[in-house]
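# A structural walkthrough
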Amino acid sequence: MTMYEDGRKTGGFETDTEIAGLTELLAEAVGEPAR
Amino acid sequence: MILDLKGYREERDAGGERVPIVTDGGSSVIDAHTMESCMSCLARMDACPVDIEHVTQFTDLNRRLTEAGEMDGHAQDAMFDAFQHGNTFGEPERARPEWTDELDRVVTYHDPCHLGRYNDVFDAPRELIRATGVTLSEMPRNRADSFCCGGGGGGLWMDFEDDPKPSEERLREALDDTTVPSSSSSLPARCA
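### Comments concerning the overall build of chain B
When helices and strands are tallied, chain B shows seven helices and five strands. Counting the 192 residues in chain B, one finds 30% classified as buried. A separation of at least 24 residues holds for 54% of the contacts in chain B among residues at least 6 apart in sequence. Surface summary for chain B: the accessible area is close to 12800 Å², and the carbon and sulfur share equals 50%.

Listed below in structure tokens is the structure:
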């Protein structure tokens, strides 16, 4: 996650993609706010 | 309209009374509703055999109507919404992405080296991803052939001299080399 958040910023991908952890996807799917 | 304006100027030269150029109510040289007949497409100006450049004049007249609050009601509402909400639909800005709710979300998954190559766990995370209802699209380098993010072996705390950095190259792969279904959002998210 840290590496890709960094690469997203330095590589100029901020408007093209977002980085999410698997736990974030799961939390979103069951309606719980990600911590 | 141009002939009406010309006639008015001639009347004024002859000592005629001053009246508003454009307004709503019938007392002006040009009635406000007449302005609705021109969409400023420039076709008539291009075709005019005597080179009358009326569109510039029409724009000025429309500006006067706007300043006086006498423009078409629908156009006035749209302009008010644009001013108030930033869009002509009058919808709050936060509601703008709601149309994407019904689109499939496409994600791609990065196999962490230690979970995948070291521990041979490839399917479980993919099953969980699909269970959330998103569409999983694989990058060309996946599973045991996954490209490293560059964070292992202390890379997390080091500055990379490579250009692009491994993480940047992986993101490029996710965006440029990964097939996205045409019916889906074209913004893949990544799980790391």
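Moving on, there is more to tell.
### A closer look at the pattern of salt bridges
Tallied over the full model, the rule gives 14 salt bridges over all chains. Its salt-bridge partner being Arg 8 of chain A, residue Glu 5 of chain A comes within 3.7 Å of it at the nearest N-O pair. A residue pair is termed a helical-turn pair when its members lie 3 or 4 positions apart in one helix, as Glu 5 of chain A and Arg 8 of chain A do in helix H1 (residues 2-10) at three residues. Overall, the relative accessible area of 28% leaves Glu 5 of chain A in the partly exposed class. Salt bridges linked by common partners bring Arg 141, Glu 169, Arg 170, Arg 172, Glu 173, Asp 176 and Asp 177 of chain B together as one network.

### Topic: helix H6 (residues 123-131) of chain B
All names here are of chain B. Along H6, the positions that sit buried rather than exposed are Pro 125, Arg 126 and Ile 129. When H6 is viewed along its axis, its buried side chains cluster within an angular range of 100° and face the same direction. Pointing more than 90 degrees away from the buried face of H6 are the exposed residues Glu 127 and Ala 131.

### As for the confidence of the model for chain B
All names here are of chain B. This prediction gives chain B a mean pLDDT of 84; 91% of its residues lie at or above 70. Looking at the elements of chain B, mean pLDDT is at its lowest for strand E5 (residues 189-191), recorded as 51, and at its highest for helix H7 (residues 166-176), recorded as 94. Per-residue pLDDT stays below 50 along residues 183-188; that stretch engages in 17 contacts with residues further than four places along the chain or on separate chains. Our summary of model confidence lists the complex with pTM equal to 0.53 and ipTM equal to 0.89.

### Some points on the interface of chain A and chain B
For interface size, the figure often reported is the accessible area lost on association. Contacts between the two partners involve 22 residues from chain A, matched on the other side by 27 residues from chain B. With both sides pooled, the region where chain A packs onto chain B buries about 2000 Å², and carbon together with sulfur makes up 70% of that total. Where chain A meets chain B, there are two salt bridges. In this structure, Glu 28 of chain A and Arg 105 of chain B form a salt bridge, with 2.5 Å as the shortest nitrogen-oxygen distance. Summed over the shared surface of chain A and chain B, the result is seven residue pairs in polar contact (both at pLDDT 80 or more). Where the side of chain A that touches chain B is concerned, the elements lending two or more residues are H1, strand E1 (18-20) and helix H2 (22-29) of chain A.

### Some remarks on the environment of Pro 92 of chain B
Within the secondary structure, Pro 92 of chain B sits in the loop between helix H4 (73-85) and strand E3 (106-109). C-alpha of Pro 92 of chain B to C-alpha of Asp 81 of chain B: the two residues are 11 residues apart in sequence and 9.8 Å apart in space.

The rules we used
- Residues numbered from 1 in each chain as written.
- Chains lettered and ligands numbered in written order.
- Predicted model: local features only at pLDDT ≥ 70, side-chain atom pairs only at ≥ 80, totals over all residues.
- Heavy atoms only, no water.
- Helix = DSSP H or I, 4+ residues; strand = E, 2+ residues; numbered from the N terminus.
- Buried < 20%, exposed > 50% of the residue type's maximum accessible area, 1.4 Å probe, protein only.
- Contact = heavy atoms within 4.5 Å.
- Areas by Shrake-Rupley, 256 points an atom, 1.4 Å probe, with all protein chains shown as cover.
- Salt bridge = Lys/Arg side-chain N within 4 Å of Asp/Glu carboxyl O.
- Arc of directions from axis to C-beta.
- pLDDT = per-residue confidence, 0-100.
- Buried area = accessible area lost by both parts, 1.4 Å probe.
- Polar contact = N/O pair within 3.5 Å; in protein donor to acceptor, adjacent residues only side chain to side chain.

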